[in-house]
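# Coordinate inspection notes
Residue strings, one per chain:
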Amino acid sequence: MSETFGGRSGLQGKLSRWLLGRRPKEAAADADGREALLLAAAGAGLPLAPAAHPAPGYRCSCDRVGCPTPARHPVSFAWQTQSTTDRAQIERWARHQPQANFITATGMVHDVLDVPLEAGREALERLLASGVEVGPVAESDDGRMLFFTLTRGTPEDEDEWWPCELDCHPETMDEHPGLRWHCRGSYVLVPPARLPGDEDRRVRWVRGPEHALPDPLSLLEALTDACARHPGADAGHQDAAWPLRH
C-alpha cells in the first residue's frame, strides 16, 4: 500500500494529490494561470468569492432549476461577508474548486461601471486618447465591458448612499439597456471566468488589475455619451445581466 500511495497511482494517488492541495498535471497549467490572475485581482484590493460555473446545455453548476443567471452568481448566499482578498483563502478556493468562476463584491473597495461592449470600446479609446487615467477594464463575450473604479464610499448620511438595487434587476434589463453602476450590494464576475454556451465564451482583462482604480466620475461622461450614441448596442444581450441577488 505504501508503495502505491507513494507512487501516487490510481485512486490513492489522486487522494495524495488532493491532500497536498495539488491538481492533476493535465489541468495544472490552466489552473495555475487562473490562480495567478485571481491572486493579482485580490492583490489589487478586489474582494473575491467563489461563483458558479457553466454546465452542459447552457446550464448552471448550481442545483437551482432554471437558474436565471447561469454561471454568473456566487455559490454562497453569504457572498458579501465571504468575499476576501486573503491570498491563502483564495488559493484554497481556486485549488479545491478548479471549475469555479469568481465574483468580486462591489461597493466595499471598488465600484464597476458596466456598459455595452461597443459603447465601452469607443469610450475607452476616447479616454485613453484624452490622457484620462483609466483603471482595470474587463471585456465579456456576452457583450459587456466593465470599468473598475474606486467606490463612492460611505457618506456621513447613510441615506445618501443608495444601494445597487436602485439601479436595476435582471428582470428589468429592458428598461436599463445602457450603463449599470455596480456599487453596494452588487457584484460582477472577475476574470478569468467562463460563460455558458460555447467553450470560448469568457470574461477577460483588457487592462489588468495592476492599473490604479480611478474616480468613477472621471469616466462617467465619456461612458454615458458613448452609451447614448449606441442605444441599441445592448439589444439581444439580456443574458448579460449581472445579478444583484441570487
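Refer to the preceding data block for the structure.
All values derive from a computational prediction rather than experimental measurement.

Below, the discussion takes up the overall build of the chain. For the chain, the helix and strand inventory stands at 7 helices and 11 strands. Expressed as a percentage of its 246 residues, the buried residues of the chain come to 47%. Put simply, of all contacts in the chain between residues at least 6 apart along the chain, 77% involve residues at least 24 apart. Accessible area of the chain: about 12400 Å², with a carbon and sulfur share of 53%.

By way of backbone hydrogen bonds, the strands of a sheet pair with one another, either parallel or antiparallel. Strand order in the open sheet formed by 6 strands is E8-E5-E7-E6-E11-E10, and the pairing between neighbours is antiparallel. Looking at which strands have only one partner, the edges of the open sheet turn out to be strand E8 (180-182) and strand E10 (193-194). Relative to strand E7 (residues 144-150), strand E5 (residues 110-116) runs antiparallel, the two being bridged by 7 bridges. Along E7, the bridge assignment pairs Pro116 with Arg144. Where helix H7 (residues 217-229) meets the sheet, its contacts fall on E5, E7 and E8, and the angle it forms with E5 comes to roughly 15°.

With respect to the helices and strands, the residue His230 is situated in the segment after H7. At a separation of 2.6 Å, a polar atom in the side chain of His230 contacts the side chain of Glu122. If near-sequence neighbours (up to four positions away) are discounted, His230 is found in contact with Glu118, Ala119 and Glu122.

Further remarks concern the environment of Pro136. Note on placement: Pro136 falls in the loop between helix H6 (117-129) and strand E6 (137-140). For Pro136, a relative accessible area of 3% translates into the label buried. Taking the C-alpha atoms as reference points, Pro136 and Arg207, 71 residues apart in sequence, are found 4.9 Å from one another. With residues up to four places along the chain from it excluded, the contact list for Pro136 reads Leu146, Phe147, Phe148, Trp205, Arg207, Gly208, Pro209, His211, Ala212 and Leu213.

Right, let's talk about the pattern of salt bridges for a bit. All told, the structure shown has 10 salt bridges when counted by the stated rule. With a shortest N-O distance of 2.8 Å, Glu139 and Arg121 are connected by a salt bridge. Residue Glu139 is found in strand E6, and its partner Arg121 is found in helix H6; the two are separated by 18 residues along the sequence. Glu139 sits in the buried class, given a relative accessible area of 13%. As a salt-bridge pair, Arg204 and Asp141 come within 2.7 Å of each other at their nearest N and O atoms. With a gap of 63 residues between them, Arg204 in strand E11 (residues 202-207) and Asp141 in the loop between E6 and E7 connect regions that are remote in the sequence. Via salt bridges that share partners, Asp114, Arg144 and Arg180 belong to a single interconnected network.

A separate point is the nonpolar core. Core analysis: the biggest nonpolar cluster contains 28 residues, and Leu38, Leu48, Ile90, Ile103, Phe148, Leu189 and Val190 have the highest contact counts within it. Secondary-structure elements contributing two or more residues to this core are helix H3 (25-43), strand E1 (48-51), helix H5 (87-96), strand E4 (101-105), E7, strand E9 (187-189) and E11. For this core, the leading source of residues is H3, giving 4 residues. Formed by 18 residues, the second largest nonpolar core is a distinct cluster that contains Val115, Leu117, Val134 and Ala222.

Here we come to H6. Its 13 residues place the ends of H6 18 Å apart at the C-alpha level, agreeing with the 18 Å of an ideal helix rising 1.5 Å per residue. Looking at the buried side of H6, the elements it contacts are E5, E6, E7, E11 and H7.

Rules behind the numbers
Residues numbered from 1 in each chain as written. Predicted model: local features only at pLDDT ≥ 70, side-chain atom pairs only at ≥ 80, totals over all residues. Heavy atoms only, no water. Helix = DSSP H or I, 4+ residues; strand = E, 2+ residues; numbered from the N terminus. Buried < 20%, exposed > 50% of the residue type's maximum accessible area, 1.4 Å probe, protein only. Contact = heavy atoms within 4.5 Å. Areas by Shrake-Rupley, 256 points an atom, 1.4 Å probe, with all protein chains shown as cover. Pairing = 2+ DSSP bridges. Axes fitted to C-alpha atoms, helices over the stretch in contact; angles between N-to-C directions. Polar contact = N/O pair within 3.5 Å; in protein donor to acceptor, adjacent residues only side chain to side chain. Salt bridge = Lys/Arg side-chain N within 4 Å of Asp/Glu carboxyl O. Core = buried A, V, L, I, M, F, W, Y, C linked by side-chain atoms within 4.5 Å. Expected span 1.5 Å × (residues − 1).

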